[in-house]
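Examination of the molecular architecture
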Protein chains: 2
Amino acid sequence: MAVQRYVHGYRPQENQRLHDQAGALVDLLHHDTAYPSGSAVLEVGCGVGAQTITLAKRSPDARFTSIDVSAESIAEARRRIRGAGLTNVDFLRADVYALPFAAASFDHVFVCFVLEHLPRPADALAHLKALVRPGGTITVIEGDHGSAYFHPDSAAARAAIHCLIELQVAAGGNGLIGRQVYPLLVNSGFKNVRVTPRVVYVDSSRPDLVDGFTRRTFTAMVEGIREPAIAAGLLDPQRFDQGIRDLHRTTDADGVFSYTFFKGVGTKDTLREITDGQ
Amino acid sequence: MAVQRYVHGYRPQENQRLHDQAGALVDLLHHDTAYPSGSAVLEVGCGVGAQTITLAKRSPDARFTSIDVSAESIAEARRRIRGAGLTNVDFLRADVYALPFAAASFDHVFVCFVLEHLPRPADALAHLKALVRPGGTITVIEGDHGSAYFHPDSAAARAAIHCLIELQVAAGGNGLIGRQVYPLLVNSGFKNVRVTPRVVYVDSSRPDLVDGFTRRTFTAMVEGIREPAIAAGLLDPQRFDQGIRDLHRTTDADGVFSYTFFKGVGTKDTLREITDGQ
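Below or above, wherever it landed, is the structure these notes cover. It should be emphasised that the depicted structure is a prediction, and the values quoted were computed from it without experimental measurement.

Looking at the overall build of chain A
- Broken down by element type, chain A carries 10 helices and 7 strands.
- Scaling as 2.2 N^0.38, a compact globule of 278 residues should have a C-alpha radius of gyration of about 19 Å, and chain A matches this with 19 Å.
- Its C-alpha atoms put chain A at 60 × 45 × 35 Å along the principal axes.
- The burial tally for chain A puts 55% of its 278 residues in the buried class.
- When contacts within chain A are restricted to residue pairs at least 6 apart in sequence, those whose partners lie at least 24 apart make up 80%.
- For chain A, the exposed area adds up to about 11000 Å²; of that, 52% sits on carbon and sulfur atoms.
- Measuring between centres, the 29 positive side-chain charges of chain A sit 3 Å from its 31 negative side-chain charges.

Quick look at the interface of chain A and chain B
- Opposite the 28 residues of chain A that make contact, chain B presents 28 residues.
- The largest contributions to the chain A side of the interface with chain B come from Tyr 149, Arg 179 and Tyr 182 of chain A, which together make up 30% of the buried area.
- There are 0 salt bridges connecting chain A and chain B.
- Our count for the contact surface shared by chain A and chain B stands at 8 residue pairs in polar contact (both at pLDDT 80 or more).
- Where the side of chain A that touches chain B is concerned, the elements lending two or more residues are β5 (132-151), α6 (181-187), β6 (191-203) and β7 (256-267) of chain A.
- Looking at the side of chain A that touches chain B residue by residue, the class counts come to 13 nonpolar, 8 polar and 7 charged.

Observations regarding the nonpolar core
- In terms of nonpolar packing, the biggest core is built from 66 residues, with Leu 128 of chain A together with Leu 128 of chain B touching the most fellow members.
- In this structure, Leu 128 of chain B is in contact with Leu 42, Val 44, Val 96, Leu 99, Val 109, Val 111 and Ile 138 of chain B, ignoring residues within four places of it in sequence.

Quick word on the sheet that holds strand β1 (residues 40-44) of chain B
Residue and element names in this part refer to chain B.
- Strand order in the open sheet made by the 7 strands is β3-β2-β1-β4-β5-β7-β6, with mixed pairing throughout. Every interior strand has two partners, whereas the edge strands, β3 (89-93) and β6 (191-203), have only one. The average angle at which neighbouring strand axes cross in this sheet is 20°, direction not considered.
- Bridge analysis of strand β5 (residues 132-151) against strand β7 (residues 256-267) gives 11 bridges, and the strand direction is antiparallel. Following the sheet pairing, His 151 is matched in β7 by Val 256.
- The strands touched by helix α4 (residues 121-131) within the sheet are β1, β4 (106-112) and β5, with β5 carrying the most contacts at an inclination of about 145°.

As for the environment of Gly 49 of chain B
Residues and elements named next belong to chain B.
- Locating Gly 49 in the fold gives a position in the loop between β1 and α2 (52-58).
- For Gly 49, a relative accessible area of 0% gives the class buried.
- With 148 residues separating them along the chain, Gly 49 and Pro 197 place their C-alpha atoms 23 Å apart.

Looking at the packing of aromatic side chains
All names here are of chain A.
- Counted according to the given criterion, the structure contains 24 aromatic pairs over all chains.
- Geometrically, the ring pair formed by Phe 213 and Tyr 259 is tilted, given 5.8 Å between the ring centres and 50° between the ring planes. On the criterion of sequence distance, the pair formed by Phe 213 in helix α7 (residues 207-223) and Tyr 259 in strand β7 is long-range, its members being 46 residues apart. Pair check on accessibility: Phe 213 and Tyr 259 agree, each one buried.
- With a centroid separation of 5.0 Å and an interplanar angle of 50°, the aromatic rings of Phe 218 and Phe 257 are classed as tilted. Here Phe 218 is found in helix α7, whereas its partner Phe 257 is found in strand β7, with 39 residues between them in sequence. Per residue, the accessibility class of Phe 218 equals that of Phe 257, and both read buried.
- Taken together, Phe 113, Phe 150, Phe 213, Phe 218, Phe 257, Tyr 259 and Phe 261 form an aromatic cluster joined through their ring pairs.
- It is Arg 120 that lies over the ring of Tyr 97; its NZ or CZ is 4.2 Å from the centre.

Considering the side chain of Ser 154 of chain B
All names here are of chain B.
- In this structure, Ser 154 sits in the loop between β5 and α5 (155-170).
- You can call Ser 154 buried: its relative accessible area is 7%.
- In this structure the side chain of Ser 154 is engaged in a polar contact, spanning 2.6 Å, whose partner is the side chain of Asp 246.

A closer look at the pattern of salt bridges
- Under the counting rule described, the total for this entry stands at 30 salt bridges over all chains.
- Where Asp 90 of chain A meets Arg 63 of chain A, a salt bridge forms, and the shortest distance between an N and an O atom there is 3.1 Å. Of this pair, Asp 90 of chain A sits in strand β3 (residues 89-93) while Arg 63 of chain A sits in strand β2 (residues 63-68), placing them 27 residues apart in sequence.
- Its salt-bridge partner being Arg 133 of chain B, residue Asp 107 of chain B comes within 2.6 Å of it at the nearest N-O pair. Of this pair, Asp 107 of chain B sits in strand β4 while Arg 133 of chain B sits in strand β5, placing them 26 residues apart in sequence.
- According to the relative accessible area criterion, Asp 107 of chain B is buried, its value standing at 18%.
- Taking the relative accessible area as the measure of exposure, Arg 133 of chain B reaches 30% and is therefore partly exposed.
- Put simply, Asp 32, Arg 198 and Lys 263 of chain A are held in one network by salt bridges that share partners.

Procedures and definitions
- Residues numbered from 1 in each chain as written.
- Chains lettered and ligands numbered in written order.
- Predicted model: local features only at pLDDT ≥ 70, side-chain atom pairs only at ≥ 80, totals over all residues.
- Heavy atoms only, no water.
- Helix = DSSP H or I, 4+ residues; strand = E, 2+ residues; numbered from the N terminus.
- Rg over C-alpha atoms; globule rule 2.2 N^0.38 Å.
- Buried < 20%, exposed > 50% of the residue type's maximum accessible area, 1.4 Å probe, protein only.
- Contact = heavy atoms within 4.5 Å.
- Areas by Shrake-Rupley, 256 points an atom, 1.4 Å probe, with all protein chains shown as cover.
- Lys, Arg positive; Asp, Glu negative; His and termini not counted.
- Charge placed at Lys NZ, Arg CZ, Asp CG, Glu CD.
- Buried area = accessible area lost by both parts, 1.4 Å probe.
- Salt bridge = Lys/Arg side-chain N within 4 Å of Asp/Glu carboxyl O.
- Polar contact = N/O pair within 3.5 Å; in protein donor to acceptor, adjacent residues only side chain to side chain.
- Nonpolar A, V, L, I, M, F, W, Y, C, P; charged D, E, K, R; others polar.
- Core = buried A, V, L, I, M, F, W, Y, C linked by side-chain atoms within 4.5 Å.
- Pairing = 2+ DSSP bridges.
- Axes fitted to C-alpha atoms, helices over the stretch in contact; angles between N-to-C directions.
- Phe/Tyr/Trp six-rings, centres within 6.5 Å; stacked < 30°, edge-to-face > 60°.
- Lys NZ or Arg CZ within 6 Å of the ring centre and 35° of its normal.

So, in C-alpha cells, the structure goes:
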C-alpha cells in the first residue's frame, strides 16, 4: 500500500481525529481483548498509535510489535507510547505484504482499521496467518461505512458518505469491508471464526458519543475528504457541504446516529488439527 | 389504522412468518423485559400473538391486556395463548387511538412492531402515556429497514427492500422508524428514555439465524410485498426477483446479513416529579 493512497491522509487534525475516535470506542471495541503474560503480539498498521495505547495498557505483560508503512506515523506512535509510560511495545516500519518476521513467530496478531485500506486484504491475511503460531489467534476490527444511518435522514449526507466509499475504492480499499470480516477470515483458513457487530448508537442521552463519535469521528472523517471528493467530481461543493451540515444536524437533541464496527477473532489450526485434517 | 393498510397483509404464511421471526429474536429483543408480580400490562397491537406468548411466559404473575385492531388476529392470538396453557392474558379488539381504558389504569405498556404502521405514532404515544400510571413505563420495539445491509452487496436487493419502505410510506407508515424511537419517546414526554440497538448479525456460523431470520423473516417479508410493489410500478418483476435471489444469496456459506431493531424504555413522571416540574 503506497503511503499516499491512505484515504484519510496524514494531517495533524486527522491524527487528533484518530485519537478522539479511539477514546470514544475503547470499551466497545477492546473490552474483550487481553493477551496473556509473556505472549508476543503483532499489531499491524498501528498508525499513530491510537489503538496501541489501549492494547499495551490492557495487556501490560504481553510484548507488542507494532508495525506501520508510514515512518512519520510510527514516530508519532512511539512518542505517544513513551509519553504514556508504556515500555512493552516495539515499533517497526514495515509493509504488511513483506513482513520481516519468521513463520509462526507470534502468538497473536491484531489488525484494526487496516484491511479497509488494502487492495488485497485476503493476501494480507494469508501473510499474517503464516506469522501466527499454531493455536494462536488473529483479531480483526473494521468499520463499515454502509452501516451508517441517522435521523433526520438526509440524501445529501448519504451522498457525502458515498464519496468517501468511492474514494476508498479508487485508492484500492473497501469502506464496506466490515460486513466481510467473517468470509475473509474463514476463506483465509482461520478456524472457530466468531464475528460480532459493535454498534455505536448515539442519541442525545449519550453526549460523550455525540461529541466524540458523531461529530469528531464520523462527521470529521467525511469532512476530511471534502477536497479530493470535489476535485474528483463526485459531488458539487454545495451538495457536499449540505451533507456535512445534515450530519451535524443529527447531533441535535432529537437526532440519532448509528454506525457499526465488526470484530472478528479466528484461530490458527494447532499442529494436531492440521495433521488430523490431512 | 384501517385493517387493509397493514403492509404485510394477513395471509396464513405471513402469520407463520411472524412466529418464525419471534422465535429467532426472543432473547435478543425480550431478555430484559420482565414485569413484576401483580402488575397490569397493556400490550398494544398484539397481532397474532407472536410476542404475547413470550411476554406472558416471561412474566407469569403479571396480568396482560393485549389489544389489536384486527378481530381475526385476536382470535388467532387467543388460540395460541390458550394452546400454550397461559391464563394471564385478556384479549380485546380496540383501536390504539380510541382505547376503552381509564387514565393511569396500567403499570406498563408494551408496543412492539406497531408504531411503524401508524400514520401518527406521536399521537398514539400520547394516548398511551395517558393510560400509564405515574412511575410506570413504556417499552417500544421497532425495526428499521434502512439498517439492513449484507454481503454480497446487491443494488437489486436494496431496490426490493426500498419497495417495502415506499409501500409502507404509501400506507401511512414508516419503515425507518427504529432510529426515531428515542426522539418519539422523548417528545411524548417520557423520562429517563434509554434506547438500545439490537443487531441481528447473521453469518454461516449461526445457522439458526440464517434460516430463522435472513431467510424466513427478512427475505420472506420483502418477498411478501412482491405483488403490490409490482402493481404499484415500483420495480419491474425481473428486477424484484433478482433482488430476492440476491437476498437468498446472502444465506450462502460466505454471506452475511445485518439488521437492527431498536428497543426503547421510558418512564412516566411520578406525581411528585410532575408537581416539582410545575
